[in-house]
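Reading the structure
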There are 2 protein chains.
Amino acid sequence: MKHDRHPSSRSNHSSVSTPVDTPATVLAGHGGKFHIGRIPVLEIAPAIEGGTLPAKATVGEPFPVRATVFRDGHDAFGATAVLRDPDGREFQRVEMVEVLRGLDRYEAWLCPDRPGAWSFVIEGYSDPYRSWLHDAAIKIAGGQDVELMHLEGAKIFRRIATETNLPAKHARWCEQLATDLQACEKTSFERARSQEVLELLARYPLRDFVSPSRPYPLVVHRELAMCGAWYEIFPRSEGAYFDERAGRWISGTFATAAKRLDGIAKMGFNVVYLTPIHPIGTTNRKGRNNTLTALPGDPGSPYGIGAPEGGHDALHPDLGDFDDFAAFVDRAHELGMEVALDLALQCSPDHPWVHDHPEWFSARADGSIAYAENPPKKYQDIYPLNFDRDPEGIYLAIRDVVQMWIDHGVSLFRVDNPHTKPLAFWQRLLAHFHEKHPEVIFLAEAFTRPAMMRTLGAIGFHQSYTYFTWRLNKHELGDYFQEVARETPHLLRPTFWPTTHDILTPYMTDGGASAFAIRAVLAATGSPTWGIYSGYEFIEKTPRPGFEEQLDNEKYEYKPRNWDAPEAAGMTTLLTMLNRIRRDNAALRQLHQITVHPTTSDDILCFSKHIDGAYTPDGKDSTVIVVVNLDPHHTHESLIHLDLAALRPGGLDLPLAVVDEMSGQEFIWGPVPFVRLDPHTQCAHIMKVKYS
Amino acid sequence: MKHDRHPSSRSNHSSVSTPVDTPATVLAGHGGKFHIGRIPVLEIAPAIEGGTLPAKATVGEPFPVRATVFRDGHDAFGATAVLRDPDGREFQRVEMVEVLRGLDRYEAWLCPDRPGAWSFVIEGYSDPYRSWLHDAAIKIAGGQDVELMHLEGAKIFRRIATETNLPAKHARWCEQLATDLQACEKTSFERARSQEVLELLARYPLRDFVSPSRPYPLVVHRELAMCGAWYEIFPRSEGAYFDERAGRWISGTFATAAKRLDGIAKMGFNVVYLTPIHPIGTTNRKGRNNTLTALPGDPGSPYGIGAPEGGHDALHPDLGDFDDFAAFVDRAHELGMEVALDLALQCSPDHPWVHDHPEWFSARADGSIAYAENPPKKYQDIYPLNFDRDPEGIYLAIRDVVQMWIDHGVSLFRVDNPHTKPLAFWQRLLAHFHEKHPEVIFLAEAFTRPAMMRTLGAIGFHQSYTYFTWRLNKHELGDYFQEVARETPHLLRPTFWPTTHDILTPYMTDGGASAFAIRAVLAATGSPTWGIYSGYEFIEKTPRPGFEEQLDNEKYEYKPRNWDAPEAAGMTTLLTMLNRIRRDNAALRQLHQITVHPTTSDDILCFSKHIDGAYTPDGKDSTVIVVVNLDPHHTHESLIHLDLAALRPGGLDLPLAVVDEMSGQEFIWGPVPFVRLDPHTQCAHIMKVKYS
């Protein structure tokens, strides 16, 4: 019995092929053979595919680099992480510290200051001073080789004086110390291991056998690629109304939608994301609630792109013209917001490309163009592009489309279902725009399996939607927050959305206003980029029966909302507050540094975020402890076992003075504070640690 | 407050360096930018340092390759692993199967047939047949697009007939099927998804968009690099005797030691390993039991290498001359054994190199040569080489030494403490001998931290001593067996030694004969290479007080043993039996395929090993289940929850007929067999699964 999975089947039809790669070309293809350094440096991270793709970093955000560093024998050694800017110049140099004792794993944090193609190198080195100090301390204390050890010390200090970049004053001091050591002067050894010397050497190290790794590439993006507050709207809904006299709906326009921008900006969002704004097909147009037949007046799904009026490069005539669009974009910019546009690469049967480029679509055996289907399901209102039939033609057309919207002021693209198009296409397209418009950001809307999501990030997407929406309980959330911050941040920058126009989870439906508040707090604090879909303010929570999405989905109909109505459950206030808290606390605007703290209640999640004062606007450390009651129905109490060592590198002194950024209340916390949270009044604490 | 570990300290003394690497050269150093394939293939394993060092494989042993493979959209895809021989020709081609559902992780097993620099490639591809079949099966069953799906099928089968290497007969059959599908002939669809077609396509696949990874390097060594039974002796002890009349010890010689070879061969060992055979220094020579002063007649440690008679390239005069050594080697070869020699790169103060090449040693500040020390400990009988002072000179000298012993018939080197010498030195030396003498095997005696041990393997050592000796309880052993087999086999081939001349654990001291039996069984079955230190037959278990090594350590004195005495506790019989069982069961002679099975007793360990009949001498599957009572004092009983799916890929049918290769007893086992093992009579079962 043989099995597929099994070691088996030496093939018998393949032994006469021509040679392809010899050992030398195999290793050449990997950048040459690895020559181990005098002080070995291996297993460097972050590295994607062995460093053949750049890892992600963000302007102003420190990120960790790690390496396995060790040496032969007993002598002292160290490792230095060196960050190089896009011109190849050394920008930063940080001594690494061992983070996994016994496993020789070292870490340092680096921080680039501008976008571009950076790199980093890890240098292993031998440390003659510490090697000497280790032996000398033991031997001199034991009265063994006392004179000899002083002599050896003199040699070291002469080297420090002459071989490092020590300022003249310090060099003279070291020379004198060398002379005193040589003379076995009584205090000389104590001086040689003084704090002063250690601090001097930290700045002007004496290093032997410096063994640099090859450089590892980094792609550095601007801050908005990592940290932002998005707000999604269907522009046609804003200002739409039912004309009773005419008995039909009148679409909103860019002009009416622009009026909503003030409200969005007031809540503190800095990206306004527009679902597609192009002409919509009429052939097989979907009706309300995703019904197969549209009734007269149904506007159709904006994702059914393309009509005689134009395709991806055109505006839906109901919305206005390019001047109106420009005015909308200008108003957003005036309010400090950027505009994101949906990039949904699919066509309605009425799209001009269907007529002009039938070769861009799949032909069925009967000659007809294939609509989208996942048998037995059919999507006859959509023709997917077939990227394999004329890759060059399609690439150039889409590149032109993207360029056009950039030229019209769009600076972010929310890419619809990128995982249904070839990754090689995306890699090429994104490389083009990274080069030409490094400021433009692409968000991958890929709700799919982990490998695809990671790889879309690896090949160039700046951000990705995530599984956050379906992570509900304490352990799922804690694990996931740490996963996106620690395991994959070099691949995929997360964005957290409590709902989208496609997703309304049973948790939200069931939990109502409290659930909406809880998930808003988690999204706003758990990830530096979060997003809200319009209508969240009104706790729109009724699903289409049998589906986890909104009833009367805005995709298929106009959905004007009365923004002048009193807010529901204080949600507008909460969203505004969350963006304000994010603005005031730099810890919440970075991705990497998060710690989950044990709690005694399974309904209470506690995590903290931190960033060092070297990277904050006010120069002060920023530390925030978030405590959330995950149960939208009941009050819960919990003790929190604060992980003080992890809360801030180096730890925190107790008691801790904290202020709840939501309520303004101040507390003094010991190591195991008690919390009680009522989801109907305040579902969370967002505690800012007060440093004196 | 700032902390070392912390993101901090943009250096202010480093901003004026010259550029080193621009983005283009950074990526060039990694073998160029990674271009994602049409069907993405990523995260390929085994790969060391991104494939810049070759992963290990062994002639005749299947090993797994893995990759993350996925695609855009819903169409079917697959992945093929291709093994290429040292000439770059395709040698084997195996379809990969998904091993982690939902994580897109694929695996195939490959097996090289000769030593050398091989490589492998993973090809992702689109599968048009399975894409069609998936849709057609659903749609035809649902009466949807029936004619169209037949037409699409006709196109596929025409492609199969013309685009694959199908033999003419099968091609005609496919053509006919295409015609029938085109005509929507009634049985044509059933035929198109018949077992016959699936088997045909397995051999002659129709693949679109084949997307090969870059090649990944493999170094393939001969079988003895992975699987062997070593036996360690001090040649001078064999035949040594105390001359009562002269009142002094007379050393054994190569001639007297050669007499012992029959006994070693009879036990089934195939490597005889000699501790150093060179002249021994007299300056600061160590006495018995590692005392600081040798008494007259104390032979000194063979690791104190070098005397006026010569150094690493000389023979200790007491042992004989090169003719005697040749005779010894010849006799070993006659008996089917190879000879391993200790390579201990250190010198006694009397070594010729100390006189001829003082620059190869460390000079202290007072001008004297530095002896070995780890303060406050001193080892004044040893001068370590300083590889940094004249790396080229030392390299050439040691290369000559190794070459000389190879020329004298040594084919394996047990390298003493390689982790105290620079890894760059080893990488260069081993590369030289891999090229010049690919048959010669180097075993690293590095009992040190994991990173160093893994890296010694990565840069060229064929084998390594391991932590086996200190893994004692059920969970430690089970985890460790799986770790060496599954996590690091491409880096480090393990060898398991129950004791060495340096190591006698308290478990052995305390457990006596039963412990010796238990550890022999574990070593012989847990790893394809195991080793026994001479005297194991006599249960030599008395430690030097305060140390975990033998009292009257053979390093410092002659230790003749009376091989004619009756064997103790049947140990010779057991060692012989274990080597016989290893010879009879191919499963025990491979590294990768091991499974630990849950047991109800913490004192009973159960694991199994397996290899497919495609790779065994007799062409039959080999499966062995080992059950060991780890308690040397008491009888224990246990149920074993056999993991039937893991025992053999594809699973095993119950009941299982097994025969205990130790006792000859046969059993019929259900899924949860019961065992009872008395360490004083039989500490283990080594169950061979009988296939009908």
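Residues numbered from 1 in each chain as written. Chains lettered and ligands numbered in written order. Predicted model: local features only at pLDDT ≥ 70, side-chain atom pairs only at ≥ 80, totals over all residues. Heavy atoms only, no water.

Side note on the overall build of chain A
Scanning chain A from N- to C-terminus turns up 16 helices and 32 strands. Seen through its principal axes, chain A has C-alpha atoms that stretch 105 × 75 × 60 Å. The burial tally for chain A puts 60% of its 692 residues in the buried class. Across chain A, contacts joining residues at least 24 apart in sequence account for 74% of those joining residues at least 6 apart. Per element, the accessible surface of chain A, about 26,100 Å² overall, is 52% carbon and sulfur. Here chain A holds 69 positive side-chain charges and 90 negative ones, and the gap between their average locations is 3 Å. (Helix = DSSP H or I, 4+ residues; strand = E, 2+ residues; numbered from the N terminus. Buried < 20%, exposed > 50% of the residue type's maximum accessible area, 1.4 Å probe, protein only. Contact = heavy atoms within 4.5 Å. Areas by Shrake-Rupley, 256 points an atom, 1.4 Å probe, with all protein chains shown as cover. Lys, Arg positive; Asp, Glu negative; His and termini not counted. Charge placed at Lys NZ, Arg CZ, Asp CG, Glu CD.)

Digging into the environment of Leu522 of chain A
Residues and elements named next belong to chain A. Tracing the backbone through its elements, the reader meets Leu522 in helix H14 (residues 506-526). Residues Leu522 and Ala684 lie 162 residues apart in sequence; the distance between their C-alpha atoms is 9.2 Å. Beyond its immediate chain neighbours, meaning those up to four positions away, Leu522 contacts Phe468, Leu477, Phe481, Phe496, Ser527, Leu605, Phe607, Val628 and Leu630.

Structural notes on the sheet that holds strand S1 (residues 41-45) of chain A
Residues and elements named next belong to chain A. Read across the sheet, four strands follow the order S1-S3-S7-S6 without closing on themselves; strand pairing throughout is antiparallel. The strands lining the two open edges of the sheet, one partner per strand, are S1 and strand S6 (97-100). The mean angle between the axes of side-by-side strands here comes to 35°, regardless of whether they run parallel or antiparallel. In terms of strand pairing, S6 meets strand S7 (residues 105-110) through three bridges, oriented antiparallel. Pairing of Leu100 across the sheet is with Arg105, part of S7. (Pairing = 2+ DSSP bridges. Axes fitted to C-alpha atoms, helices over the stretch in contact; angles between N-to-C directions.)

Notes on a negative patch on the surface
Residues and elements named next belong to chain A. Residues Glu476, Asp479, Glu483 and Glu487 make up a contiguous surface patch of negative charge. For Glu483, the location among the structural elements is in helix H13 (residues 474-487). Assessed through its relative accessible area of 31%, Glu483 is described here as partly exposed. (Patch = residues over 30% accessible without salt bridge, like charges linked within 9 Å, V, L, I, M, F, W, Y side chains within 5 Å. Salt bridge = Lys/Arg side-chain N within 4 Å of Asp/Glu carboxyl O.)

Description of the relation of the copies chain B and chain A
Mapping chain B onto chain A leaves a residual RMSD of 0.0 Å; the transformation is a rotation of 180° accompanied by 0.0 Å of translation along its axis. Both copies of the chain, as the preceding transformation shows, are related through a two-fold rotation axis. Counting the interface residues of chain B, we find that 100% of their copies in chain A are interface residues as well, pointing to one common contact surface. (Least-squares fit on C-alpha atoms with pLDDT ≥ 70 in both.)

Some thoughts on helix H10 (residues 391-407) of chain A
All names here are of chain A. Compared with an ideal rise of 1.5 Å per residue, which puts 17 residues at 24 Å, H10 spans 24 Å between its outermost C-alpha atoms and is within 8% of the ideal. If you check which residues of H10 are buried, you get Gly393, Ile394, Tyr395, Ala397, Ile398, Val401, Val402, Gln403, Met404, Trp405 and Ile406. Where H10 ends, the next residue or the one after it, Gly409, has phi of about 100°, a positive value. (Expected span 1.5 Å × (residues − 1).)

Some words on the packing of helix H2 (residues 128-141) of chain A against helix H3 (residues 146-163) of chain A
A pair of packed helices is characterised by two quantities: the angle between their axes and the separation of those axes. All names here are of chain A. Axis separation between H2 and H3 bottoms out at 10 Å; the angle between their running directions is 160°. Comparing their axes, H3 and H2 come out roughly antiparallel. In the crossing of H2 with H3, the sense of the turn from one axis to the other is left-handed. Facing Pro128, Tyr129, Trp132, Asp135, Ala136, Lys139 and Ile140 of H2, the residues of H3 in contact are Val146, Met149, His150, Glu152, Gly153, Ile156, Phe157, Arg159 and Ile160. Looking at the contact of H2 with H3, its residues break down into 10 nonpolar, two polar and four charged. (Parallel < 35°, antiparallel > 145°, perpendicular 65-115°, else oblique. Left-handed = near helix turned anticlockwise from the far one by under 90°. Nonpolar A, V, L, I, M, F, W, Y, C, P; charged D, E, K, R; others polar.)

Considering the pattern of salt bridges
Scanning the entire structure with this criterion turns up 82 salt bridges over all chains. Of the charged contacts, one joins Arg561 of chain A and Glu554 of chain A as a salt bridge, the two residues approaching to 3.0 Å between their closest N and O atoms. Neither Arg561 of chain A nor Glu554 of chain A differs from the other in exposure class; each is buried. A salt bridge links Glu107 of chain B to Arg66 of chain B; its shortest N-O distance comes to 2.7 Å. With a gap of 41 residues between them, Glu107 of chain B in strand S7 (residues 105-110) and Arg66 of chain B in strand S3 (residues 63-69) connect regions that are remote in the sequence. Bridged by salt links that share partners, the residues Asp85, Asp87, Asp113 and Arg114 of chain A form one connected network.

What to know about the interface of chain B and chain A
When the parts of a complex come together, some accessible area is lost, and that lost area is often taken as the interface size. At the junction of the two partners, chain B supplies 118 residues and chain A supplies 118 residues. When chain B packs against chain A, the two sides together hide about 10,600 Å² of surface, and 55% of this comes from carbon and sulfur. A salt bridge links Asp145 of chain B to Arg364 of chain A; the nearest nitrogen and oxygen atoms lie 3.5 Å apart. Joining chain B to chain A, the criterion identifies 20 residue pairs in polar contact (both at pLDDT 80 or more). (Buried area = accessible area lost by both parts, 1.4 Å probe. Polar contact = N/O pair within 3.5 Å; in protein donor to acceptor, adjacent residues only side chain to side chain.)

Observations regarding the nonpolar core
Counting residues in each nonpolar core, the largest one holds 147 residues, and the members touching the most others are Phe413 and Trp426 of chain A. By residue number, the principal contributor to this core is H14 of chain A, which donates 11 residues. In this structure, Trp426 of chain A is in contact with Leu343, Leu345, Val415, Pro418, Lys421, Ala431, Leu456, Ile459 and Phe461 of chain A, ignoring residues within four places of it in sequence. In terms of nonpolar packing, the next biggest core, distinct from the first, is built from 143 residues, Ile39, Tyr106, Cys227 and Met452 of chain B among them. (Core = buried A, V, L, I, M, F, W, Y, C linked by side-chain atoms within 4.5 Å.)

Things to note about the packing of aromatic side chains
On inspection of all chains with the given rule, the structure shows 76 aromatic pairs over all chains. Both rings, one in Trp230 of chain A and one in Tyr273 of chain A, keep their centres 6.4 Å apart while their planes meet at 65°; by these two values the pair is edge-to-face. One end of the pair, Trp230 of chain A, is in strand S11 (residues 228-233); the other, Tyr273 of chain A, is in strand S14 (residues 271-274), and 43 residues separate them in sequence. In this structure, Trp230 of chain A and Tyr273 of chain A share a single accessibility class: buried. Ring geometry for Trp353 of chain B versus Trp360 of chain B: centroids 5.3 Å apart, planes at 75°, classification edge-to-face. Given the relative accessible area of 12%, Trp353 of chain B is considered buried. A network of ring pairs unites the aromatic residues Trp230, Tyr273, Phe447, Tyr465, Trp470 and Trp497 of chain A as a single cluster. The cationic tip of Arg544 of chain A hangs over the ring face of Phe547 of chain A; the distance from NZ or CZ to the ring centre is 3.9 Å. (Phe/Tyr/Trp six-rings, centres within 6.5 Å; stacked < 30°, edge-to-face > 60°. Lys NZ or Arg CZ within 6 Å of the ring centre and 35° of its normal.)

Examining the side chain of Arg71 of chain B
Secondary-structure assignment places Arg71 of chain B in the loop between S3 and strand S4 (77-84). There is no salt bridge for the buried Arg71 of chain B, and the closest opposite charge comes from Asp72 of chain B, which lies 4.1 Å off by N-O distance. Side-chain polar atoms of Arg71 of chain B contact the backbone oxygen of Ala76 of chain B, separated by 3.4 Å. At 2.8 Å, the side chain of Arg71 of chain B and the side chain of Ser126 of chain B are in polar contact. With residues near it in sequence (within four places) discarded, Arg71 of chain B still touches His419 and Met452 of chain A together with Arg38, Ile39, Pro40, Ala76, Phe77 and Ser126 of chain B.

Some points on the pairing of S7 of chain B
Residues and elements named next belong to chain B. Of all the six residues making up S7, six are buried; the element is thus mostly covered by neighbouring parts of the structure. Along S7, one buried face is formed by Arg105, Glu107 and Trp109 and the opposite face, lined by Tyr106, Ala108 and Leu110, is buried too. As paired elements, S3 and S7 share six bridges and run antiparallel to each other. If you follow Ala67 over to S7, its bridge partner there is Tyr106.

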